[in-house]
Every structure is written in C-alpha cells, then in structure tokens.
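Next come the chains, spelled out residue by residue.
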Amino acid sequence: MVRFLHIFPIDSPVFTRVLIEMINQNCPNAHSEHLFYCAGEKNFRTLSAEHPNVRHTELSRKRLMELSQQAEHLILHSLFLSSRDIRRLPNSFFDHATWCVWGHDLYHRFKQGGNWMHRLKERIAINKLRHLEAISIGFKYDSREIRRILGEEVRILPALYGSGYYHEDIDAVEAPVRDLRALEIMVGHCAYETFNHLPNLDRLAAYRDENIRINLVLSYGDAAYRERVIAHARSLFREEQLHIQTEMLSPSEYIRFLKGMDVVVMDFERQAAFGNLITIAYLKKKLFLSPTGIMSRAFREEGIPIFDCRSIGSISFEEFTAPGPDYSIRDYIFPLLDKPTIIAQWKNLFDELKK
C-alpha cells in the first residue's frame, strides 16, 4: 500500500508536471511514498518517461474504488466527480481523500435551486464531502466558499500549484524591445467562453483609432470558441492591431510576453487564472477585472488596485491608459511566487495528513 496516491484527471500541460517534479525532487522518499495516476494520455506519455512513479488510469467509479484501497491517503487534484458519483461512493472513500481545489470544481458547482429531488441529491452529495480528510487551496479566499457549502468542520490546508516559474525567474527575463508608441492590451489567457472575450473586444473597439495592439492568448481551450474570438477580433480591428497567440509558450517566453503588456483585461467571475493574475500583479500591469468576480474582490482586499472591465469604452482613452496607483507586493503576491514557500506548503500538507 502506497502512502499517497494522487489522481490527476485534467491533462494540464503545466500544473501536473510542475507538481510531480516538485514532489519527486523535494519530498523525502517521494518515489516510494507517492504514486501519481494521470487520466490524460499526453501527461502520462510525457511524465512516465521521466518519473517511474507515474501511471495511467481511467476515471470510472469502480477504478477509483480500486485505487482508493491501494493508498493510505488519496489526493484528488480537482473534484472531477459528478454529483451522482459522489452520492454513490461510500463514506470510506472520502474518509481518506483530500480534494485539491482548482476553481472550476468549487464555484457554482452545488446549486440549491430546482425541485425537491434535485435539492435532496445535492444535499446528499454535500454531506458525503463533509467526510473528506482535508481540502487544500492555493487561493486563500476559496475557504469562504468551502465554508459556505460544507460548514466549519472540514479541514482546509494551504497548498498552491506552482506555474513552474517564480519571482527570481520573472526578474531574470528581459522585457521585449517594443514599439513604445503602441499600447499593448492583453485580453484573456485561454479560449474559454467564461472569459468573455467578445464583449470586451466590443468595448475595446471604442479605442481602435488609437495606436493600440490587442493580444489574444488562445493557446488552449475550446477550439470552436477560439475561432469565434479570432473572427470577431478581425471584424473589429485591423490585422496589424492584432497579435493572436495560438501556440503554447515556454515559461520564459510567456513571462517576456507579459512584461511587454501595458494593460490586461480578464473578465470572469469564479476563481481562475490565479497564476496569471499573481504574475501580472507582480509585474504591476494595469489590470481590468470583472467588478463582481471573486478575484477582483480578493485583490482589492489585498490592496492591489483593480479596474472595472465594464468601464472600458465608456472612459476616455487617457483614463484607460493612465497608470494606476503603486502598491506593495511583499505580503501577498511575493509569497505566492516563492518556490520555497510553495514547497513548504505541500510538505506540510503531507505531514498533516500523516498525523
């Protein structure tokens, strides 16, 4: 029986690799204590060639129960289970399982509306999750939503997914040589509809007679939505006003790209894009977010100036481009980009689970 059995249901090209490498390189007896199961073929092929403790698995309920019985502690990297699966799995499955929150798996997941049967099923699923051994979060404000849904008893521990680059890596990358006359605007960071590219492109079109360049990062996500975004952008802006990024960049290439931005527009409601946002805040770029989104509220609480993306187009170009107030990154942003801090969080998580 292995001590920690990890399940990665999402074929993430970044977070899965970074975490497995970090655990194998920094946790004592990692190769004997930790076993990593990847559901994604791409991650499995890449990582199993480099790490002998990486395996492949399907995600059926039967298979999950088999894996659960092979480990002292089961680590679920996102709550990928359907409400039906949660209800049908025994309490013993959750008693030694830790849910590592990704964001999409927490917000708007458990809805209390609908008829009495739906509400009953949701309540059963929530009661099952109260049996979890622990929940880990990298974004501390997730704890509010967890407490709202599951109450005060469940154990919450900090453990942030690193992006593979840290503050010293950001500092080491040179900013690109660029045409300082053009204002560089980044809209979104992926090709998912929840990031509301289209209405924000419509708003930015108010400034299309200015010297601007719209940067669309669409390296991953929904292919059909990606094409819709590109077509819409081309209907609003001249080709020389657009930079469309559809290929994945290396960490250093992406940092260099971010250093070249003046304004970043991220319009979404739930917890997402955390690694992007803390890097953008570290670089002190002017950041427009949804005023009702949790990331906007959290950053404001931490003293980071955030601007309302709904105001784009209605404010003057001068106001849109004006620098925001300065702020400190020491207390909140810096630790989130500090590799020793992140390593210590995961080691502490595993130590706490052993108790």
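Bear in mind that the values here come from a model prediction, so they are computed numbers and not experimental data. (Residues numbered from 1 in each chain as written. Predicted model: local features only at pLDDT ≥ 70, side-chain atom pairs only at ≥ 80, totals over all residues. Heavy atoms only, no water.)

## Some details on the overall build of the chain
Turning to step 1, where the next piece is worked out: Counting its regular elements, the chain contains 17 helices and 13 strands.
Turning to step 2, where the next piece is worked out: For 355 residues, the compact-globule estimate of 2.2 N^0.38 gives 20 Å, and the C-alpha radius of gyration of the chain, at 21 Å, lies within 12% of that figure.
Turning to step 3, where the next piece is worked out: In terms of overall dimensions, the chain has C-alpha extents of about 65 × 50 × 40 Å along its principal axes.
Turning to step 4, where the next piece is worked out: Looking at the 355 residues of the chain, the share that counts as buried comes to 53%. (Helix = DSSP H or I, 4+ residues; strand = E, 2+ residues; numbered from the N terminus. Rg over C-alpha atoms; globule rule 2.2 N^0.38 Å. Buried < 20%, exposed > 50% of the residue type's maximum accessible area, 1.4 Å probe, protein only.)

## Considering the nonpolar core
Turning to step 1, where the next piece is worked out: Ranked by internal contacts, the top residues of the largest apolar core, which has 102 residues, are F299 and W346.
Turning to step 2, where the next piece is worked out: Those residues within four positions of W346 in sequence are excluded, and the remaining contacts are L19, M22, H77, C100, A159, L160 and Y161.
Turning to step 3, where the next piece is worked out: Listed in part, the 28 residues of the second largest apolar core include A205, I212, I214 and I230. (Core = buried A, V, L, I, M, F, W, Y, C linked by side-chain atoms within 4.5 Å. Contact = heavy atoms within 4.5 Å.)

## Regarding the sheet that holds strand β6 (residues 134-137)
Turning to step 1, where the next piece is worked out: The sheet built from 7 strands is open, its strands ordered β3-β2-β1-β4-β5-β6-β7 with parallel pairing. If you trace the sheet from one side to the other, it starts and ends with β3 (54-56) and β7 (156-158), each paired once. Each strand axis lies, on average, 25 degrees off the axis of its neighbour in the sheet, ignoring direction.
Turning to step 2, where the next piece is worked out: With 3 bridges joining them, β6 and β7 adopt parallel strand pairing. Bridge pairing links I135 to I156 in β7. (Pairing = 2+ DSSP bridges. Axes fitted to C-alpha atoms, helices over the stretch in contact; angles between N-to-C directions.)

## Some thoughts on the sheet that holds strand β13 (residues 307-308)
Turning to step 1, where the next piece is worked out: Here we have 6 strands laid out as an open sheet, ordered β10-β9-β8-β11-β12-β13, and parallel in their pairing. A strand with exactly one partner marks an edge of an open sheet, and here the two such strands are β10 (242-245) and β13.
Turning to step 2, where the next piece is worked out: Alignment of strand β12 (residues 286-289) against β13, held across 2 bridges, turns out to be parallel. By the bridge assignment, F288 is partnered in β13 with F307.

## So, a nonpolar patch on the surface
Turning to step 1, where the next piece is worked out: Together, W116, M117, L120 and I124 line one region of the surface with nonpolar side chains, adding up to about 390 Å² of accessible area.
Turning to step 2, where the next piece is worked out: In this fold, W116 is placed in helix α7 (residues 116-129). (Patch = residues over 30% accessible without salt bridge, like charges linked within 9 Å, V, L, I, M, F, W, Y side chains within 5 Å. Areas by Shrake-Rupley, 256 points an atom, 1.4 Å probe, with all protein chains shown as cover. Salt bridge = Lys/Arg side-chain N within 4 Å of Asp/Glu carboxyl O.)

## A few points about the packing of aromatic side chains
Turning to step 1, where the next piece is worked out: Applying the stated rule across the entire model yields 19 aromatic pairs.
Turning to step 2, where the next piece is worked out: Aromatic pair Y161 and W346: ring centres 5.4 Å apart, planes at 70 degrees, arrangement edge-to-face. One end of the pair, Y161, is in the loop between β7 and α9 (167-172); the other, W346, is in helix α17 (residues 339-354), and 185 residues separate them in sequence.
Turning to step 3, where the next piece is worked out: Of the residues examined, Y161 reaches a relative accessible area of 12% and is grouped as buried.
Turning to step 4, where the next piece is worked out: Members of the aromatic cluster, joined through ring pairs, are F4, F15, W102, Y161, W346 and F350.
Turning to step 5, where the next piece is worked out: Directly above the ring of Y327 sits K284, whose terminal nitrogen or CZ lies 5.2 Å from the centroid.
Turning to step 6, where the next piece is worked out: Across from the ring centre of F307, 4.6 Å away, lies the NZ or CZ of K286, which sits over that ring. (Phe/Tyr/Trp six-rings, centres within 6.5 Å; stacked < 30°, edge-to-face > 60°. Lys NZ or Arg CZ within 6 Å of the ring centre and 35° of its normal.)

## Points about unusual backbone geometry
Turning to step 1, where the next piece is worked out: Despite not being glycine, A273 has its phi angle at roughly 55 degrees, a positive value.
Turning to step 2, where the next piece is worked out: Positive phi values are uncommon outside glycine, yet K284 reaches one of about 60 degrees.
Turning to step 3, where the next piece is worked out: Note that K284 resides in the loop between α13 (274-282) and β12.

## Here we look at the pairing of β12
Each regular strand carries side chains that alternate between the two faces of the sheet.
Turning to step 1, where the next piece is worked out: The side-chain alternation of β12 yields two buried faces, one formed by K286 and F288 and the other by L287 and L289.
Turning to step 2, where the next piece is worked out: Note: strand β11 (residues 263-266) against β12, 4 bridges, orientation parallel. Within β12, the residue paired with V265 across the bridge is F288.
Turning to step 3, where the next piece is worked out: In this region the chain leaves β11, passes through α13 and returns to the parallel neighbour β12; the handedness of that crossover is right-handed.
Turning to step 4, where the next piece is worked out: For the crossover from β12 across helix α14 (residues 294-301) to β13, the handedness is right-handed. (Right-handed = clockwise from strand over helix to strand, strands pointing away.)

## Points about the environment of N43
Turning to step 1, where the next piece is worked out: Take N43: it is sitting in helix α3 (residues 41-48).
Turning to step 2, where the next piece is worked out: Those residues in contact with N43 that lie beyond four places of it in its chain are I10, D11, S12, P13, T16, C38 and S48.
Turning to step 3, where the next piece is worked out: Reaching out from N43, the side chain makes a polar contact with the backbone oxygen of S12 at a distance of 3.0 Å. (Polar contact = N/O pair within 3.5 Å; in protein donor to acceptor, adjacent residues only side chain to side chain.)

## Considerations on the pattern of salt bridges
Turning to step 1, where the next piece is worked out: The full count for this structure, using the stated rule, is 22 salt bridges.
Turning to step 2, where the next piece is worked out: R330 is paired through a salt bridge with D331; the nearest N and O atoms lie 3.1 Å apart. Like R330, the residue D331 is exposed in the burial classification.

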